[in-house]
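What follows is the residue order along each chain.
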Amino acid sequence: GVSNMVMGTNQFRWTVNWNGCSSYDDVIVIYNVAESNAGIDQTLCANSTTLDAQPPIFGTGRWSVIQGNGTIQNPSQNNTQVTNLAKGVNIFRWTVTAYEIQAYDDVSITNNLFDLYAGPDQSTCNNYVNLNGEEPGPGGFGSWYIQLGSGNFSDNSLPNPQVTNIFVGTSKYIWEVYRNGCSATDTVSVLRYQPPTTSNAGADAVVCNTSNTYLLGNIPT
């Protein structure tokens, strides 16, 4: 048995001695091995991170995208940055090549960022509206906040509450949702028009011997 061989070529000689003479023969053992460790899985709220594989003891390594998306800054560097991560699970492979042998290991990068929709902007003549935000989704919860203007929410934890006591002009409401350790917000605008002046057509009139008269409606402000 032979142990502790070095990577690559190892040459061993077998020598036989007999009656003062000797002969020998050599055998070559090529030790080829590649080892890969892509690092630990990550869960984050970001579109970028740093891949952190162990540098190869022998040979060279290279990153590649197996699932999802990502722009790898330097594919041949073990601890390179990756940007433009897709939402959800992204899998990257660290392949090490040594002495024509390859080994690989995968790392999972989960991007829990998400988009959110607070509903369409609205305009009304009333002092109330019904909001229509996106559902928080499984395991998520949300809250409405006033960014501008006024209003009272029937229940600010619901995605579709009624808002009353809206002032004239523009009010803006923020819908914020937390899910899987990440948060997202979106804003909806509500424009309440100035109520019209109360109409007054004037007093009734009776006329004699004429087909003309004056209508005396009030002047709207």
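Calculation rules
Residues numbered from 1 in each chain as written. Predicted model: local features only at pLDDT ≥ 70, side-chain atom pairs only at ≥ 80, totals over all residues. Heavy atoms only, no water. Helix = DSSP H or I, 4+ residues; strand = E, 2+ residues; numbered from the N terminus. Buried < 20%, exposed > 50% of the residue type's maximum accessible area, 1.4 Å probe, protein only. Contact = heavy atoms within 4.5 Å. Areas by Shrake-Rupley, 256 points an atom, 1.4 Å probe, with all protein chains shown as cover. Lys, Arg positive; Asp, Glu negative; His and termini not counted. Charge placed at Lys NZ, Arg CZ, Asp CG, Glu CD. Salt bridge = Lys/Arg side-chain N within 4 Å of Asp/Glu carboxyl O. Polar contact = N/O pair within 3.5 Å; in protein donor to acceptor, adjacent residues only side chain to side chain. Disulfide = S-S within 2.5 Å. Patch = residues over 30% accessible without salt bridge, like charges linked within 9 Å, V, L, I, M, F, W, Y side chains within 5 Å. Pairing = 2+ DSSP bridges.

Trainee: Hey, could you run me through the overall build of the protein chain in this one?
Mentor: Secondary structure summary: the protein chain contains zero helices and 16 strands in total. Projected onto its principal axes, the C-alpha positions of the protein chain cover 160 × 35 × 20 Å. Classification of the 221 residues of the protein chain by burial places 28% in the buried group. Restricting to contacts in the protein chain with at least 6 residues of sequence separation, those with at least 24 account for 53%. Of the roughly 14600 Å² of accessible surface on the protein chain, 49% is carried by carbon and sulfur atoms. Within the protein chain, the 16 negative side-chain charges are centred at a point lying 5 Å from the centre of the 7 positive side-chain charges.

Trainee: For this particular structure, what's the right way to read the side chain of Arg192?
Mentor: Tracing the backbone shows Arg192 in strand β16 (residues 182–192). Asp121 provides the closest opposite charge to the buried, salt-bridge-free Arg192, at an N-O distance of 17 Å. Within the structure, the side chain of Arg192 is placed 2.8 Å from the backbone oxygen of Ile166, a separation counted as a polar contact. Contacts of Arg192, omitting those with residues within four sequence positions, involve Thr124, Cys125, Asn126, Asn127, Ile166, Phe167, Val168 and Gly169.

Trainee: So what exactly am I meant to see when it comes to the state of the cysteines here?
Mentor: One way to say it: the disulfide is the covalent bond shared by the sulfur atoms of two cysteines. In this structure the tally under the stated criterion is one disulfide. Paired by a disulfide, Cys45 and Cys182 hold their sulfur atoms 1.8 Å apart. Disulfide Cys45 to Cys182: torsion about the S-S bond roughly -95°, handedness left-handed. In this pair, Cys45 sits in the loop between β3 (42–44) and β4 (49–50) while Cys182 sits in strand β16, placing the two residues 137 residues apart along the sequence. On the basis of relative accessible area, Cys45 is assigned to the partly exposed category, the value being 38%.

Trainee: Would you explain a nonpolar patch on the surface in this entry?
Mentor: Nonpolar side chains collect at one region of the surface, where Trp14, Val16 and Trp18 lie side by side and expose about 440 Å² of accessible area between them. For Trp14, a relative accessible area of 65% gives the class exposed.

Trainee: So what exactly am I meant to see when it comes to the sheet that holds β4 here?
Mentor: If you walk across this open sheet you meet the three strands as β4-β7-β6, and the pairing is antiparallel. Two strands lie at the open edges of the sheet, namely β4 and β6 (71–72), each paired on one side alone. Two elements, β4 and strand β7 (residues 81–83), share two bridges in a ladder whose sense is antiparallel. From the neighbouring strand, Thr50 faces β7, where its bridge partner is Gln81.

Trainee: Sorry if this is basic, but what is going on with unusual backbone geometry here?
Mentor: A negative phi holds for most residues other than glycine; trans holds for most peptide bonds. A positive phi angle, close to 55°, is found at Asn165, a residue other than glycine. By the secondary structure assignment, Asn165 is in the loop between β14 (162–164) and β15 (169–179). Located in the positive-phi region is Asn180, a residue other than glycine, with phi close to 55°. Of note, Asn180 is situated in the loop between β15 and β16.

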